[in-house]
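Spelled out from the first residue to the last, the chains are:
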Amino acid sequence: MLEVKNLHKVYDGHGRRVTAVGDLTFSVPEGQFACVVGPSGCGKTTLLRVLAGLLPATSGEVLVQRTPVTAPPPGLAVVFQEYGRSLFPWLRVRENVELPLKAQGMARSDRGALAAEALAAVGLSDAHGAYPWQLSGGMQQRVAIARAIAYQPRVLLMDEPFAAVDAQTRADLEDLVRSVWQRFGVTLLFVTHDIDEAVYLGQRVIVLSASPTTVAQDLTIDLPAERDQLTTRSDARFTELRGQVYAQIQKVKAPA
Ligand SMILES: Nc1ncnc2c1ncn2[C@@H]1O[C@H](COP(=O)(O)OP(=O)(O)OP(=O)(O)O)[C@@H](O)[C@H]1O
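The model shown is predicted, which means the values in this text are computed figures rather than measured ones. (Residues numbered from 1 in each chain as written. Predicted model: local features only at pLDDT ≥ 70, side-chain atom pairs only at ≥ 80, totals over all residues.)

1. Section: the packing of helix α5 (residues 137–150) against helix α6 (residues 167–184)
- Close contact between α5 and α6 brings their axes to 11 Å; oriented N to C, the two are set at 10°. Considering the angle they form, α5 stands roughly parallel to α6. Touching Gly 138, Gln 141, Ile 145 and Ile 149 of α5 are Thr 169, Leu 173, Leu 176, Val 180 and Phe 184, all from α6.
- Counted by class, the contact of α5 with α6 contains 6 nonpolar, 3 polar and no charged residues. (Axes fitted to C-alpha atoms, helices over the stretch in contact; angles between N-to-C directions. Helix = DSSP H or I, 4+ residues; strand = E, 2+ residues; numbered from the N terminus. Parallel < 35°, antiparallel > 145°, perpendicular 65-115°, else oblique. Contact = placed C-beta atoms within 7 Å. Nonpolar A, V, L, I, M, F, W, Y, C, P; charged D, E, K, R; others polar.)

Have a look at this one:
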């Protein structure tokens, strides 16, 4: 479970003062898949960094599993957009996946079993001995997802994880994330620029306003739980929901 209470974040330095997040309040119940969309620069990454304990709030608070976040919370994993920078090129795929478990002090056999299960879940059992740079971008992002799953998080944050992959790979990874969420029952907060992706993936879409950020709309995505790229995206309700999100984003964009 995630709770964001009156979050306010100001970056202050080098003569530049930016209010990245104005006053943000929402919560994501246990096991929900929530997507966050909003105009560029509205503070989506800032929000995730505060939730992940990587950045302090200026005021307000965030809670993960009912505990106020002051450092990276246990049971929380993050998948970033830049898979190229989040995997260690000198470690093999399996070693990359095992790294957070090793840092936890987990025994070698236990972490080997978890890594193998996670790599199987993302369809990469064969690649365990490869180096990240020997894999395609989509495969590297699968490794980053496997590393997050192997850690067995209760909460998973994803920050535009598919922005840098091609359209076909992106569709495959979207379905992979839905299946991972269904199988492992994590609470998932997924940030994306892509309105269609948000509606396709989430049970809920939170639309943020332009900076200083607030929640502009909180929409329940009442599409069937079983989704697939063809049927769901051609569903009349899908078109209606994406239209609603699109209209809201147009409304909240800062005037040019
Ligand atoms: N480290 C930083 N120092 C100063 N200002 C920052 C810093 N990080 C972000 N900002 C500013 O805070 C605001 C919000 O940035 P943030 O990256 O959180 O937005 P975003 O919604 O994730 O953007 P995008 O959709 O373009 O990725 C922007 O105006 C940005 O310039």
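2. What about the UniProt feature "domain: ABC transporter" (unreviewed entry) in the protein?
- With numbering aligned to this structure, UniProt lists the feature "domain: ABC transporter" (unreviewed entry) at residues 2–235.
- With 35% helix and 27% strand, residues 2–235 has end C-alpha atoms that lie 30 Å from one another. (UniProt positions renumbered as here; feature names shortened; annotations may be inferred.)

3. Looking at the pairing of strand β6 (residues 76–79)
- Neither face of β6 is left uncovered, since the one carrying Leu 76 and Val 78 and the one carrying Ala 77 and Val 79 both have all their residues buried.
- Bridging between β6 and strand β7 (residues 155–159) involves 4 bridges; their strand directions are parallel. Note on β7: the bridge partner recorded for Val 79 is Met 158. (Buried ≥ 20, exposed ≤ 12 C-beta atoms within 10 Å, placed from the backbone. Pairing = 2+ DSSP bridges.)

4. Some points on the packing of helix α3 (residues 93–103) against helix α4 (residues 108–121)
- Running from N to C, α3 and α4 point in directions that differ by 130°, and their axes come no closer than 9 Å. Between α3 and α4, the angle is such that the two are oblique. The chirality of how α3 crosses α4 is right-handed. Facing Arg 94, Val 97, Glu 98, Leu 101 and Lys 102 of α3, the residues of α4 in contact are Arg 111, Leu 114, Ala 115, Ala 118 and Leu 119.
- For the contact of α3 with α4, the class distribution of residues is 6 nonpolar, no polar and 4 charged. (Left-handed = near helix turned anticlockwise from the far one by under 90°.)

5. Structural notes on α6
- Here α6 is 18 residues long and its end C-alpha atoms lie 26 Å apart, about the 26 Å a rise of 1.5 Å per residue gives.
- If you check which residues of α6 are buried, you get Glu 174, Val 177, Val 180 and Trp 181. The buried residues of α6 occupy an angular sector of 130° when projected down its axis, which confines them to one face. Set apart from the buried face of α6 by more than 90 degrees, the exposed residues are Gln 168, Ser 179 and Arg 183.
- On its buried face, α6 is in contact with β3 (33–37), α4, α5, β8 (187–191) and α7 (195–201). (Expected span 1.5 Å × (residues − 1). Arc of directions from axis to C-beta.)

6. Remarks on the domain arrangement of the protein
- Its domain assignment divides the protein into domain 1 (2–75 + 153–252) and domain 2 (89–152).
- Between domain 1 and domain 2, the C-alpha centre-to-centre distance is 25 Å.
- Contacts between domain 1 and domain 2 engage 12 residues on the former and 10 residues on the latter.
- It is α6 that provides the largest number of residues to the side of domain 1 that touches domain 2, a total of 6 residues.
- A breakdown of the residues in the side of domain 1 that touches domain 2 according to their chemical character gives 10 nonpolar, 1 polar and 1 charged. (Domains from an automatic or database assignment.)

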